[in-house]
Amino acid sequence: MATADDISAPPPPPVRLNAHAPLWRLVDALAAAGWGDLRDAPQSVRSYLLALARLADPRTAVVETTDAQAAERAGVSVRTVIRARRWLQHRGVVVMLRRGARQGLRGVPSLLRVTKRVLVALLPASRCAKDARARRRAARPGGAPGLRVPNLTRWQAFPSWRRNTAPPAAPPSAGARRRPAPVQARQRAAAAAASAHPPRAATIAAARAAVRSLSVAEGG
């Protein structure tokens, strides 16, 4: 009869993403999969999409921002952001819900929505293309030909910055004693020398008389 130790636990199933997942999670998964069809796009397109993923609402994928604000977040110029936005709009990744306008010295931000269903549809082909590139690299001289599934990576949640993730320090053993610091060692040596050679009574009386004469002189 097989025991629990003989039966190996099956690996956890891969995390399946759908349109109900947070927007930043979808964009992060697409970036981890090599971007798929967005790989051949200009770098500004991916930078702009990453900026929208951080600015938009995670559930509705709606973001209210101006091109200048998105350009600051993406680290590119405003004209580059406009070209990247039009590139994504033409392919249905970004939908313009309300176009921004300028009212005097103040501007009205645009209302955009990132289509999460389009990002989900890009994921399977992106992962397949990433696996094919990994297999081609493994087939090169000096590669790893035994790597069958190079894209088999398990998703792990990032640790919270509010929680101390470091392992607890091992408690000191009963027999081990902590070595004193150099300053403590010098202080202990000075105290031992002072206790070995205490000052004489005549020396203490002379010091008190000198201090008393100085105080009288200052008061007079």
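Residues numbered from 1 in each chain as written. Predicted model: local features only at pLDDT ≥ 70, side-chain atom pairs only at ≥ 80, totals over all residues. Heavy atoms only, no water.

Student: Sorry, what's going on with the packing of helix α1 (residues 23–32) against helix α2 (residues 43–55) here?
Tutor: Two numbers describe a pair of packed helices, the interaxial angle and the distance between the axes. It is the contact of α1 with α2, at a shortest axis distance of 8 Å, that shows an interaxial angle of 155°. Overall, the two elements α1 and α2 adopt an arrangement that is roughly antiparallel. The handedness of the crossing between α1 and α2 comes out as left-handed. For the pair formed by α1 and α2, the contact residues are Leu23, Trp24 and Val27 on the first element and Leu49, Leu50, Leu52, Ala53 and Arg54 on the second. (Axes fitted to C-alpha atoms, helices over the stretch in contact; angles between N-to-C directions. Helix = DSSP H or I, 4+ residues; strand = E, 2+ residues; numbered from the N terminus. Parallel < 35°, antiparallel > 145°, perpendicular 65-115°, else oblique. Left-handed = near helix turned anticlockwise from the far one by under 90°. Contact = heavy atoms within 4.5 Å.)

Student: Which parts of the structure should I look at to understand the environment of Leu38?
Tutor: One can find Leu38 in the loop between α1 and α2. Excluding residues that lie within four positions of it along the chain, Leu38 makes contacts with Leu30, Arg46, Leu49, Trp87, Leu88 and Leu122.

Student: When you look at the pairing of strand β1 (residues 62–65) in this model, what are you seeing that I'm missing?
Tutor: The side chains of a regular strand alternate, residue by residue, between the two faces of the sheet. Burial along β1 is one-sided: Val63 and Thr65 are buried, and none of Val62 and Glu64, which face the opposite way, are. Strand direction decides the pairing type here: β1 and strand β5 (residues 110–114), joined by four bridges, are antiparallel. The residue of β5 that forms the bridge with Val62 is Arg113. (Buried < 20%, exposed > 50% of the residue type's maximum accessible area, 1.4 Å probe, protein only. Pairing = 2+ DSSP bridges.)

Student: Just checking my understanding: could you explain the sheet that holds strand β2 (residues 94–98) for this structure?
Tutor: Read across the sheet, three strands follow the order β1-β5-β2 without closing on themselves; strand pairing throughout is antiparallel. The open sheet has two edge strands with one neighbour each: β1 and β2. Recorded for the sheet is a direction-independent mean angle of 30° between the axes of neighbouring strands.

Student: Explanation requested: a positive patch on the surface in the structure shown.
Tutor: Side chains of Arg39, Arg136, Arg137 and Arg140 sit close together on the surface and give a patch of like positive charge. Inspection of the secondary structure puts Arg39 in the loop between α1 and α2. (Patch = residues over 30% accessible without salt bridge, like charges linked within 9 Å, V, L, I, M, F, W, Y side chains within 5 Å. Areas by Shrake-Rupley, 256 points an atom, 1.4 Å probe, with all protein chains shown as cover. Salt bridge = Lys/Arg side-chain N within 4 Å of Asp/Glu carboxyl O. Lys, Arg positive; Asp, Glu negative; His and termini not counted. Charge placed at Lys NZ, Arg CZ, Asp CG, Glu CD.)

Student: Hey, could you run me through the nonpolar core in this one?
Tutor: Note on soluble globular proteins: their nonpolar side chains tend to be buried together. The biggest cluster of nonpolar side chains holds 33 residues, and the ones touching the most others in it are Leu23, Leu38, Tyr48, Leu49, Leu88, Val114 and Leu119. Elements supplying a minimum of two residues to this core: α1, α2, α3 (67–74), α4 (78–90), β2, β5 and α5 (116–138). In this view, Val114 contacts Leu23, Leu49, Leu52, Ala61, Val93 and Leu119; residues no more than four positions away in its chain are not counted. (Core = buried A, V, L, I, M, F, W, Y, C linked by side-chain atoms within 4.5 Å.)

Student: Would you take a moment to explain the packing of aromatic side chains for this structure?
Tutor: For any pair of aromatic rings, geometry is given as the distance between the ring centres together with the angle between the planes. Counted according to the given criterion, the structure contains zero aromatic pairs. The cationic tip of Arg91 hangs over the ring face of Trp87; the distance from NZ or CZ to the ring centre is 3.7 Å. (Phe/Tyr/Trp six-rings, centres within 6.5 Å; stacked < 30°, edge-to-face > 60°. Lys NZ or Arg CZ within 6 Å of the ring centre and 35° of its normal.)

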